[in-house]
Amino acid sequence: MIENNLAISKVIKTSDGKTAKSWFNSGERLLYDLTDRQITNSCSAVQPNQLYIFNKHTTYQTQEAENVITFLPGFPDGSIGWMKIDKLIEERNPLNRTFIEYVGQGDSDKPKEYAYSTFERADLVEALWKTRGIKSTFVITFDYSSLVIMELLRRQQERIEKGLKLDTKITKVLLINGGYFIDGHSHPIMTTPILKTWFGKMSTKMAQNSPSMFNNIIKGMWSKEYKVSNEELAEVFEATTRRDGAFFMHNAAGFVDEHKANGTRLDLLSIFEEMKDSVEFHIVGSEKDQFEPRQVKLAKERLGKYGVDIRVIPGSHMITYEQPKLLTDIILELSK
């Protein structure tokens, strides 16, 4: 196994997939230039328009390095939500894969004053694809990254229509517990709706140094039947508050409002209808998803007639923790 790194020349050990610390030790912090929207090789001091972002990237000599599965993170845990699935893929059928961490999450820099948005996240994804030399990719999203992949698909279609060459071609997508339609959002009031308020801002400030306060904010994301462990909560706390990052939960909590403001552009039905002949679409929802329970139902109503692969599996919103084996089965099946 080799780590394909064009920005920093060093080999990183493989994570054992058990702890946030080992996860971050298995990846890299790459310098991202916000002005040029690209990863930079500069070894000079970090400039005001530059931030470090985390990326865990694994390729194999027996596979084409330019063909990779891209995993996009959820809110607020970030890329560590994929730890169990990454470990299972490594054990069962190692495939080229890259785990992207947005600004504000995990081991990426977490500036308090930053214009968080779907569009800047899409810029970052494209910059990493370019740096890694990724020519084609199967993209798997969780939670609010559904908005990011819809923006990336829009950009791909626009480039095709203009006759432009694609640097990276998205060949298929698997969207897990995401938001696809502006009339489908139904987040409980005590979650992201309250996080974006003044009260939410103060709560995240206190949560930075209080695991118990933090747990009170996020514990309801798992099903009661699953009984999320203290160790798992500690991992999410470590990742979210890393680099003084708890404020991200407040600063980036407006993604539903952003979706509604861009509903024409970020609408899965219209995107699918334009791209169904060139991109495979797959959707997974949870039976007891308390955050986006209407989205998979609307997907069935609006996309089911086209024969889109839509599956509902047991569990609550944090399905990457609750059903890693089942999700890995689906991912490996679709990767063939």
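The present account deals with the structure reproduced in this document. Only a predicted model underlies this, so the values are computations on that prediction, with no experimental measurement involved. (Residues numbered from 1 in each chain as written. Predicted model: local features only at pLDDT ≥ 70, side-chain atom pairs only at ≥ 80, totals over all residues. Heavy atoms only, no water.)

1. Some points on the environment of Q61
Relative to the helices and strands, Q61 is located in the loop between β3 (50–58) and β4 (67–72). On the basis of relative accessible area, Q61 is assigned to the exposed category, the value being 68%. In this structure, the C-alpha to C-alpha distance between Q61 and K260, residues 199 residues apart in sequence, is 44 Å. (Helix = DSSP H or I, 4+ residues; strand = E, 2+ residues; numbered from the N terminus. Buried < 20%, exposed > 50% of the residue type's maximum accessible area, 1.4 Å probe, protein only.)

2. With respect to the side chain of H185
Structurally, H185 is set in the loop between β7 (169–176) and α5 (192–195). Reaching out from H185, the side chain makes a polar contact with the side chain of E292 at a distance of 2.8 Å. Ignoring anything within four residues of it in the chain, the contact list for H185 reads G179, V256, H259, K260, E292 and Q295. (Polar contact = N/O pair within 3.5 Å; in protein donor to acceptor, adjacent residues only side chain to side chain. Contact = heavy atoms within 4.5 Å.)

3. Let's talk about the pattern of salt bridges
This structure, assessed with the given rule, holds 26 salt bridges. Between R37 and D123 there is a salt bridge; the shortest N-O distance is 3.5 Å. A residue pair is termed long-range when its members are at least 10 positions apart, and R37 in the loop between β1 (28–33) and β2 (38–39) and D123 in helix α3 (residues 118–132) qualify at 86 residues. What makes R37 partly exposed here is its relative accessible area of 49%. A salt bridge links K112 to D244; the shortest N-O distance between them is 2.6 Å. Here D244 lies in the loop between α8 (230–241) and α9 (248–251) and K112 lies in the loop between β5 (97–100) and α3, a separation of 132 residues in the sequence. Connected through salt bridges with shared partners, the residues R37, D123, E126, E151, R155, E158, R159 and R265 form a single ionic network. (Salt bridge = Lys/Arg side-chain N within 4 Å of Asp/Glu carboxyl O.)

4. Quick notes on the packing of α3 against helix α4 (residues 145–161)
Running from N to C, α3 and α4 point in directions that differ by 65°, and their axes come no closer than 9 Å. Taken as axis vectors, α3 and α4 run roughly perpendicular relative to one another. Here α3 runs over α4; the crossing is right-handed. Counting all contacts with α3, which are made through T118, F119, R121, A122, D123, V125, E126 and W129, the residues of α4 involved are L147, V148, E151, L152, R155 and R159. Per-class residue counts for the contact of α3 with α4 are 7 nonpolar, 1 polar and 6 charged. (Axes fitted to C-alpha atoms, helices over the stretch in contact; angles between N-to-C directions. Parallel < 35°, antiparallel > 145°, perpendicular 65-115°, else oblique. Left-handed = near helix turned anticlockwise from the far one by under 90°. Nonpolar A, V, L, I, M, F, W, Y, C, P; charged D, E, K, R; others polar.)

5. Digging into helix α12 (residues 293–303)
Within the span of α12, buried status applies to Q295, V296, L298, A299 and L303. For α12, the angular spread of the buried residues around the axis is 160°, confining them to a single face. Pointing more than 90 degrees away from the buried face of α12 are the exposed residues K297 and E301. In this fold, the buried residues of α12 make contact with α11 (268–275), β8 (280–286) and β9 (309–313). (Arc of directions from axis to C-beta.)

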